[in-house]
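A closer look at the structure
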Amino acid sequence: MVQRYVFVVIFCLIFSEVCAQHQEKVDFLHAEVNVRPNALEKTIDGRVDYKFKVLEHVDSVFLDAENIDFNAVLLNHRKVRYKISDTTVTIHKKLKKNRNYDLTLEYSAKPKQTVYFLGWDDDVDGRKRTLPADGQIWTQGQGKYSSHWLPSFDDMEEKVEFDLHITFDASYTIISNGKLRKTKVSKGLKTWSFDMQNPMSSYLLGFAIGDYDKQELTASSGIPIENYFYPQDSLRVEPTYRYTKEIFDFMEAEIGVPYPWEDYKQIPVKDFLYSGMENTGATIFSDAFVIDSTAFLDRNYVNVNAHELAHQWFGNLVTEKDGHHHWLHEGFATYYAYLAQQKIFGDDFFYWKLYDSAQQLNEFSKEGKGEALTNPKASSLTFYEKGAWALVMLRNEIGDTAFKQGIKNYLNKHRYQNVTIDDFMDEMELVGSKDLSTFKRSWLGSSVFPMEKVTEYLIGHSTSVAAFVKLQWELTTSLENNESIVQKYWEASDNEEFKARLVLKYHKLFSHRLLKEAFESKSIKIRQGLALTSSKIPLELKTNYESLLDDESYITQENALYRLWISFPQDRALYLNKTKGSIGLPDKNVRLLWLLLAGLTKDYDLDRKEGYLSELLDYTSPTYSMGVRQNAFGIINEVLGFTDQNLLDLIEASRHHSWQFRKFSRNLLDSLLTVDEQRNRIIELTKGLNEEEVRYLNTKLNLE
Ligand SMILES: [Zn+2]
């Protein structure tokens, strides 16, 4: 998966470590899964038929089953003795070696996690909103355990061929793992039957239910690709899924092993827990990546698109034995996603991306926080970015041909099985005819980031990175004044990435003439750098800054609007009129700022001023995505202060299923509780709420 904020250091959930227990003596082969989600009750009714083979005599066999009630448990179609605990169901029976058995489980589940029901709650009048069009149900298996909705295996080593049949109201679309074989409608309900040909670990199970249309593509190899979208987003399909076929074709050619599943689907969902999750053949991703073409430069789906696709080989086809080998998933997916983007956006993109992550990893390492890639508790920065770097350096060491052959051998040898880092390194040593123990020590076993080697590699491969490193060295050592050093480097280069970084990092050393030149570069990226600088706008550059409001970037527009509004009060109405129609990124960055500034600007559009402010205040409501809500909470808190409804929305947000948004909301709530007046208001407001709704707040209020 891709974490929402890859560069924020968050500790990866190491899923296989804690509770998974591998049953060596039995092998589950096939599962026929029938599930029926009940949206309004947030429950799942299901029946699963497993086929398994007994490898050694055993007295019992178990499955992970979190909070699941069983209506029937049958072994070879006969009732059998079974025991349930909070987390498992165990069948007690002497089972004979080399025999195959059928196990049927009928159950109902009320998932506390893993399955998310969004938009089905009561409306404002307390009526049940019977099947709203924007209702969604989706799953997140990795780190959350599919055993919350299906008796299955938290252990990643149990690989099963799952065929799913999912039944729901006929007006919604259902997407899941495997090829859709048929649908059947009966009494307003539709059953969607999916078929897989090969086995996978349970954490890769997934489904999404919602109101969707789809774009259909075919890869050069003939694999069908389906890109899903909400019906109202048809104009966003092209920019969102831009380069999908190119990425797919690149991945198959680069990896050298054909895509290992029947088809590939990508499904955006609301308020997803991460950026994306690589369920086998059915990637689910955050709809915050569903964008128009202006947002493409600011925040596109390309990296996540490529990352989750790469996992279909690295993670899904060959799966880590446990968390010690997590590099084999995230490092590889990150690396191949960077390669795909190198193909699309060019070498500069690739080397500057590596440069950026090296800076972070080096800082981390210098602070004594560095981690070895074999540490199962390492942060995502280590698994993803250091993991990608390790592959860059390994390829550099053994050469392209050997590297590609080694990857191919590794995947083919272990296909549909579990792997360790040694399995991978053995193949690489074999194919490279080279002892790799120094590489292993430095890149896999050590917690120190080898910055010197990395810098040497970058300087040798990218002239623009080399120039940047040289510039930084000159700025600290040369006797020449810094302004002229920067100017000299600016003039000597025609590299966009280089110049954008020069602006971002050293704009304070730019003369007005040089800044003017930067504006005239016509590069959206360099100009975005200018919009993001924080110094006061000089009068002689006013027109230049004003021109930023027309750029094809919402980050540029937002920052330019704010800075112009602050710097030139007499022209505020002009700037507001110019940006009136702009909504911005999926988190409505431009619109929210615009509403605030329009509300604050004296004499601006007096008739509608109230409306502007109330629109802004409304954006904290659960109707909106967490990105919009978080933005709105931030702006309102800083400038306007919360209304009662905002506070109620904040209390609601403190129980949100996304931990990032929950944490943000709880921190904000905590800070309000330190002010007596706010605290009393909050206590007064909670009187109308039930216990579940104020759970977090109560723990806070009782503690203090
Ligand atoms: Zn990933």
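Note that the structure is predicted; figures quoted are calculated from it, not measured. (Residues numbered from 1 in each chain as written. Predicted model: local features only at pLDDT ≥ 70, side-chain atom pairs only at ≥ 80, totals over all residues. Heavy atoms only, no water.)

Looking now at the coordination of the zinc ion. Coordination of the zinc ion by the protein is provided by Met 1 (N), Met 1 (O), His 307 (NE2), His 311 (NE2) and Glu 330 (OE), with metal-donor distances spanning 2.0 to 2.4 Å. The sequence pattern formed by the donor residues of the zinc ion is M-x305-H-x3-H-x18-E. Taken together, the residues span about one helical turn, with His 307 and His 311 both in helix H4 (residues 302–311) at a distance of four residues. The burial state of His 307 is the same as that of His 311; both residues are buried. (Donors = N, O, S within 2.8 Å, 3.2 Å for Na, K, Ca; no water. Helix = DSSP H or I, 4+ residues; strand = E, 2+ residues; numbered from the N terminus. Buried < 20%, exposed > 50% of the residue type's maximum accessible area, 1.4 Å probe, protein only.)

This part is about helix H3 (residues 244–255). Here H3 contains twelve residues, and its C-alpha end-to-end distance of 16 Å stays within 8% of the 16 Å for a straight helix at 1.5 Å per residue. Burial within H3 is extensive, with nine of its twelve residues counted as buried. Along H3, the positions that sit buried rather than exposed are Thr 244, Ile 247, Phe 248, Asp 249, Phe 250, Met 251, Glu 252, Glu 254 and Ile 255. Phi turns positive, to about 85 degrees, at Gly 256, one or two residues after H3. (Expected span 1.5 Å × (residues − 1).)

Glancing now at the domain arrangement of the protein chain. When its domains are assigned, the protein chain resolves into domain 1 (24–291), domain 2 (318–461) and domain 3 (619–704). A separation of 42 Å is found between the C-alpha centroids of domain 2 and domain 3. (Domains from an automatic or database assignment.)

We now examine the packing of aromatic side chains. Working definition: an aromatic ring pair is given by the centre-to-centre distance plus the angle between the planes. Using the criterion set out here, one finds 54 aromatic pairs in the structure. Between the aromatic rings of Trp 120 and Phe 168, the centroid separation amounts to 5.8 Å while the plane-to-plane angle is 75 degrees, which identifies the pairing as edge-to-face. You can see Trp 120 sitting in the loop between strand E9 (115–118) and strand E10 (136–139) and its partner Phe 168 sitting in strand E11 (residues 159–169), a full 48 residues away along the chain. Under the relative-accessibility criterion, Trp 120 is labelled buried at 1%. Its relative accessible area of 5% is what places Phe 168 among the buried residues. Between Tyr 259 and Trp 313, the ring centres sit 5.7 Å apart and the planes meet at 75 degrees, which makes this aromatic pair edge-to-face. (Phe/Tyr/Trp six-rings, centres within 6.5 Å; stacked < 30°, edge-to-face > 60°.)

Turning next to the packing of helix H12 (residues 463–477) against helix H14 (residues 496–506). Contact geometry of H12 with H14 gives a least axis separation of 10 Å together with a crossing angle of 30 degrees. Comparing the axis directions of H12 and H14 gives the class roughly parallel. Taken as a pair, H12 and H14 cross one another with a handedness that is right-handed. Listed contacts from H14 to Ser 464, Ala 467, Phe 468, Leu 471, Gln 472 and Leu 475 of H12 are Phe 498, Arg 501, Leu 502, Lys 505 and Tyr 506. When grouped by side-chain class, the residues that make up the contact of H12 with H14 number seven nonpolar, two polar and two charged. (Axes fitted to C-alpha atoms, helices over the stretch in contact; angles between N-to-C directions. Parallel < 35°, antiparallel > 145°, perpendicular 65-115°, else oblique. Left-handed = near helix turned anticlockwise from the far one by under 90°. Contact = heavy atoms within 4.5 Å. Nonpolar A, V, L, I, M, F, W, Y, C, P; charged D, E, K, R; others polar.)

This paragraph deals with the environment of Lys 470. Mapped onto the fold, Lys 470 is located in helix H12. Considering only alpha carbons, one finds Lys 470 and Ser 553, 83 residues apart in sequence, at a separation of 31 Å.

Another aspect to go through is the pairing of strand E18 (residues 224–229). Within E18, five of the six residues are buried, which leaves the element mostly enclosed by the surrounding structure. Pairing of strand E17 (residues 213–218) with E18 involves six bridges; the strand directions are antiparallel. Bridging from a neighbouring strand, Leu 217 pairs with Ile 225 of E18. Of the strand pairs in this sheet, E18 and strand E19 (residues 264–269) are connected by three bridges, and their pairing is parallel. For Asn 227, the partnering residue across the bridge sits in E19 and is Gln 266. (Pairing = 2+ DSSP bridges.)

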